[in-house]
Amino acid sequence: MTSQTFDVIVIGLGGMGSAAAYHLAARGQRVLGLEKFTPAHDRGSSHGGSRIIRQSYFEDPAYVPLLLRAYELWDRLAADSGREVYRMTGGLFIGPPDCLTVAGSLRASREWDLPHDLLDEHEIRSRFPNFTPKPGDVALYEAKAGFARPELTVQAHLDLAEKAGATLQFGEEVLEWSENSGGVTVRTNAGTYTAGQAVICPGAWAPQLLADFGIPITVERQVLYWLDPVGGTESFVDHPIFIDENSDGMQIYGFPAIDGPRGGVKVAFFRKGVECTPETIDRTVYEQEILEMRERTAELLPALDGPCLDTATCMYSNTPDQHFVIARHPDSTNVTVACGFSGHGFKFVPVVGEILADLATSGATSHPISLFDPRRLVTT
Ligand SMILES: Cc1cc2nc3c(=O)[nH]c(=O)nc-3n(C[C@H](O)[C@H](O)[C@H](O)COP(=O)(O)OP(=O)(O)OC[C@H]3O[C@@H](n4cnc5c(N)ncnc54)[C@H](O)[C@@H]3O)c2cc1C
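Residues numbered from 1 in each chain as written. Predicted model: local features only at pLDDT ≥ 70, side-chain atom pairs only at ≥ 80, totals over all residues. Heavy atoms only, no water.

1. Digging into the side chain of glutamine 55
Where we set the bar: The secondary structure listing takes helices from DSSP runs of H or I that are at least 4 residues long and strands from runs of E that are at least 2 residues long, numbered from the N terminus. Residues count as neighbours in contact if any of their non-hydrogen atoms are within 4.5 Å of one another.
With respect to the element layout, glutamine 55 can be found in the loop between β3 (51-53) and α2 (64-81). Other than its neighbours up to four places away in sequence, glutamine 55 contacts Val64, Leu67, Leu68, Tyr71, Leu114, Glu142 and Lys144.

In structure tokens:
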């Protein structure tokens, strides 16, 4: 049994935890990071090669200032790590004019004066010939959209955290944590550690590690599909990311061909999950699911109606209102939590790291995070 003292223990080194470990270590904090799996693993929520980043945020314009800061930090992360952690490709948000994807993106763009173009059905087809929008559909085009590389991002934050002096331990599962006067004690399968503060970023394991928190988080299985374009990947290389909404409100999204001529094009349903736990998630992807994805994709992108080359499963951790939870633990002055990212958290990873470092070191942040206050959700 080991016993060491740190300033901050970061529990979970996925998307958010790796960023928190980096920002804390860069501020001179003595950081211990604990992760039950390997660096940048594929068992949680931060894998699958790509994540959409965008600023015209249809979910709520309140996210925009955080995105403006996240973009600055994405730039800095790319420069500091020497890795292409993100790429701007432009983004097309398509659907009926009054749907959430279009009207919500437009609202956020207007409220924050974000550059954008509004395209009608014909303009979509002429500017982006792969797309065949439905009659009457429109799109908001945002040049400052693109994708991040989740595994590269996690690895970049881990490497920079270690370089800044953090101790990172993998294959080590946190079994319990408790608060004592002046700090926290964390017990793992390998030892017990103490620190002044803990930052808990458990992803889909929030219902276990934050069971006392009283926040109803529903974990959902989601599937990613890599489809092979019928005429080859060429016309999908220089291509925007996209989100397309049906008249029934179902959204699909996709990426350019970023994995070479045989890597296909990644597409997925945005919210078509089946409830699961990290233990019970079914990692098999069924023919019927592939068929459904291909049919829906082919309506919008007939050139993409080729065989499915690969699939992956991933978990969302949904709060009831699909907004995040980022705060000091309501019952504890030494514990900060970040969870419930509800399938749209990755683009915020660098700024969440900064916010968590603020909260752990000073108890407050200048970033606007009132939307993420857990007290809005506590049911007990
Ligand atoms: C299919 C899919 C598509 C997505 N698309 C987008 C997108 O396009 N754009 C976007 O912005 N977001 C997207 N997201 C959401 C985004 O990826 C997540 O919000 C984000 O990755 C969540 O990060 P996290 O740190 O909370 O979770 P994770 O990265 O899963 O990290 C949690 C970590 O905690 C560790 N852990 C848990 N319990 C313990 C324990 N007891 N002891 C030690 N370690 C522990 C886990 O092993 C894990 O590494 C998508 C998610 C999925 C699944």
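Following the structure, the description resumes.
2. Details of the pattern of salt bridges
Heads up, the condition is: Any carboxyl oxygen of Asp or Glu that lies within 4 Å of a side-chain nitrogen of Lys or Arg is treated as forming a salt bridge with it. A 1.4 Å probe rolled over the protein chains alone gives each residue an accessible area, and that area as a share of the maximum for its type sets the label: buried under 20%, exposed over 50%, partly exposed in between.
Scanning all chains against the criterion turns up 21 salt bridges. The closest approach of N and O atoms between arginine 87 and glutamate 84, which form a salt bridge, is 2.8 Å. For glutamate 289, the salt bridge is made with arginine 221, and the minimal N-O distance between the two is 2.8 Å. In this pair, glutamate 289 sits in helix α7 (residues 287-300) while arginine 221 sits in strand β13 (residues 218-227), placing the two residues 68 residues apart along the sequence. On the accessibility criterion, glutamate 289 (18% relative accessible area) is buried.

3. Remarks on the UniProt feature "domain: FAD dependent oxidoreductase" (unreviewed entry) in the chain
The condition that has to hold: UniProt positions are given in the numbering used here, feature names are shortened, and annotations may be inferred rather than shown by experiment.
If you check UniProt for "domain: FAD dependent oxidoreductase" (unreviewed entry), the listed places come out as residues 7-359 in our numbering. This span, residues 7-359, is 26% helix and 29% strand, and a straight line between its end C-alpha atoms measures 13 Å.

4. Brief notes about helix α3 (residues 100-112)
Counted only if it meets this: Multiplying 1.5 Å by the residue count of a helix minus one yields the expected span of that helix.
Its 13 residues place the ends of α3 17 Å apart at the C-alpha level, agreeing with the 18 Å of an ideal helix rising 1.5 Å per residue. Among all positions of α3, only Thr101, Val102, Gly104, Ser105, Leu106, Ala108 and Ser109 are buried. Where α3 is buried, its residues touch α2, β5 (91-95), β6 (117-119), β7 (138-142), β14 (241-245) and β15 (251-254). Within two residues after α3, aspartate 113 carries a phi angle of roughly 55°, on the positive side.

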